[in-house]
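Each chain, written out:
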Amino acid sequence: MDIAFRTDGKGAALAQSEPLEAPSPREIRVRVKAVGLNFRDHYFIRGNRFRAPTMGRVPCTDAVGIVTHVGADVERFRVGDRVCSVVLPGWIDGPLTMAALSDSLGSEARDGVLRGHVQIDESAWVHAPAYLSDIEAATLSVAAVTAWHAVIELCAVQPGQTIVVQTTGAVALFAMQFALAIGARVIAVSRSEDKLMCVSDLGVGKTIDTSHVPDWDVAVRELTDGKGAELVIDMGLTDSLRQSVRATAFEGTVAVVGVVQERTNALDIFPVMNKNLRVRGVETGSRAMFERMNAFMSAQDIHPIVDRIFAPDQLDAALDHLAGSPFGKTVIRFESDNDGSATHSNVVERR
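Reading the values: rules and limits
- Residues numbered from 1 in each chain as written.
- Predicted model: local features only at pLDDT ≥ 70, side-chain atom pairs only at ≥ 80, totals over all residues.
- Heavy atoms only, no water.
- Pairing = 2+ DSSP bridges.
- Helix = DSSP H or I, 4+ residues; strand = E, 2+ residues; numbered from the N terminus.
- Right-handed = clockwise from strand over helix to strand, strands pointing away.
- Phe/Tyr/Trp six-rings, centres within 6.5 Å; stacked < 30°, edge-to-face > 60°.
- Buried < 20%, exposed > 50% of the residue type's maximum accessible area, 1.4 Å probe, protein only.
- Axes fitted to C-alpha atoms, helices over the stretch in contact; angles between N-to-C directions.
- Left-handed = near helix turned anticlockwise from the far one by under 90°.
- Contact = heavy atoms within 4.5 Å.
- Nonpolar A, V, L, I, M, F, W, Y, C, P; charged D, E, K, R; others polar.
- Polar contact = N/O pair within 3.5 Å; in protein donor to acceptor, adjacent residues only side chain to side chain.
- Lys, Arg positive; Asp, Glu negative; His and termini not counted.
- Salt bridge = Lys/Arg side-chain N within 4 Å of Asp/Glu carboxyl O.
- Core = buried A, V, L, I, M, F, W, Y, C linked by side-chain atoms within 4.5 Å.

Draft legend 1. Quick peek at the pairing of strand S10 (residues 206-209). As defined by bridge partners, strand S9 (residues 185-190) adjoins S10 across four bridges and the pair is classed as parallel. Opposite Val189, over in S10, you have Ile208 as the bridge partner. Each parallel crossover has a hand, and the one from S9 via helix H6 (residues 193-202) to S10 is right-handed.

Draft legend 2. Layout of the packing of aromatic side chains. Following the criterion strictly, the structure yields four aromatic pairs and no others. With 5.1 Å between their ring centres and 55 degrees between their planes, Trp148 and Phe296 make a pair best called tilted. In this pair, Trp148 sits in helix H4 (residues 140-153) while Phe296 sits in helix H10 (residues 287-300), placing the two residues 148 residues apart along the sequence. Exposure class is identical for Trp148 and Phe296. Each is buried. Seen from their ring centres, Phe174 and Phe178 are 6.2 Å apart, and the 25 degrees between their planes marks the pair as stacked. Taken as a pair, Phe174 and Phe178 lie in helix H5 (residues 170-181) at a separation of four residues, close to a single helical turn.

Draft legend 3. Geometry of the packing of H5 against H10. Closest axis-to-axis distance for the H5/H10 pair is 11 Å, and the angle between their directions is 65 degrees. As H5 packs across H10, the resulting crossing turns out to be left-handed. Contact residues: H5 offers Phe174, Phe178 and Ala181, while H10 offers Met293, Phe296, Met297 and Gln300. Taken together, the residues of the contact of H5 with H10 sort by class into six nonpolar, one polar and no charged.

Draft legend 4. Structural context of the environment of Ser211. Following the sequence through the fold, Ser211 ends up in the loop between S10 and helix H7 (216-223). For the pair Ser211 and Ser190, spaced 21 residues apart in the sequence, the C-alpha separation amounts to 7.9 Å. Side-chain polar atoms of Ser211 contact the side chain of Asp209, separated by 2.5 Å.

Draft legend 5. Local environment of the side chain of Asp81. Along the chain, the position of Asp81 falls in the loop between strand S4 (62-70) and strand S5 (82-85). It turns out Asp81 is buried and unbridged, and the closest side chain with the opposite charge, Arg78, is 6.1 Å from it. Reaching out from Asp81, the side chain makes a polar contact with the backbone nitrogen of Arg78 at a distance of 2.8 Å. With sequence-adjacent residues up to four places away left out, Asp81 is seen in contact with Gly65, Ile66, Val67, Arg76 and His127.

Draft legend 6. Spotlight on the sheet that holds S9. If you trace the six strands from one edge of the open sheet to the other, you get S10-S9-S8-S11-S12-S13, paired in parallel fashion. The sheet is open, and its two edges are formed by S10 and strand S13 (278-281), each paired on a single side. The sheet shows a mean angle of 15 degrees between the axes of neighbouring strands, direction not considered. Relative to strand S12 (residues 248-256), strand S11 (residues 229-234) runs parallel, the two being bridged by five bridges.

Draft legend 7. Spatial organisation of the nonpolar core. Grouped together as the largest cluster of nonpolar side chains are 61 residues, with contacts concentrated most on Leu140, Val151, Ile163, Met176, Phe178, Ile233 and Met293. Residue contacts for Leu140: discarding those within four places in its chain leaves Asp62, Cys84, Pro129, Leu132, Val145, Phe174, Phe290, Met293, Asn294, Met297 and Pro304. Formed by 29 residues, the second largest nonpolar core is a distinct cluster that contains Val32, Ala124, Leu315 and Ala318.

Below is the structure:
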């Protein structure tokens with residue numbers, strides 16, 4: 001038997017025992033070590049003003065674990081491999097399709113990874129970076145891959161050019177780390193003075209506190225001698241898209257990576273047209289992007305920033321913490337690391 005957390009449709013995910021069947025020919029069974037939480041998991045379990053809580057599904061998309069069983073036709077993994085889950089198993093490489101988007105882990109279409117063992121097709125996994133702890137590796141599937149897609153895969157910013165990153169959430173922090181690693185100049189935009197001080201410690205050179213400077217697009221132009229930024233990471237804040245296009249340089253790109261506050265967002269069409277801007281949606285990323293990102297992170301020794309670690313029976317507390325917009329990832333730890341690498345300085349419980 002196995003332990004799985006299933007949504008009750010009332011705002012909770014309850015632990016229950018479920019049988020484990022033998023893997024089919026192309027499936028692997030993974031013993032889960034840790035699960036990273038995302039805002040989509042909070043909405044999936046508890047609902048929000050746009051959607052009702054989900055009923056009867058295992059939530060969450062980001063897991064790291066150890067392969068314990070493999071099907072007869074499995075080719076990519078062996079027993080003992082450490083792996084990370086892929087959010088969209090149907091998106092292997094190339095352009096995103098409707099079929100791949102509709103088959104996300106931890107969705108109304110299929111179960112996610114918040115359980116003791118996950119047993120799905122081998123296509124839904126990548127090898128975990130060997131240098132990262134389990135806690136760190138559990139943060140990659142959504143936030144890191146989304147940031148990688150926006151900053152690197154779009155090829156919209158080059159070394160020495162400027163990127164603006166809104167907020168200091170998990171996607172934003174990964175975006176800053178990737179941009180700094182390629183030698184881009186980063187301007188961080190947030191309403192939290194404390195969190196802006198933290199990103200300055202990461203090496204971010206310029207920050208804008210929107211609690212004091214609400215017209216941050218004007219401030220971006222001032223910081224870039226009137227030019228604007230080659231890439232702006234838009235998080236879907238209230239009225240953010242209008243300001244994002246005004247903060248972007250001629251021939252620049254606005255990458256829309258989230259829907260934090262509003263499903264619809266006013267767009268000022270004149271800067272888009274007059275400056276030849278590209279406004280591009282970014283939906284996580286393919287398995288191939290995930291693998292390229294892992295190779296880059298390993299080469300650059302980039303460590304995810306983890307804010308707080310919880311046990312599985314503390315799921316409600318973890319969701320409450322996530323709702324408070326922590327600085328870094330919130331992780332559920334099923335098993336402790338054996339190698340002690342979780343003591344890395346970026347794994348800090350910020351209370």
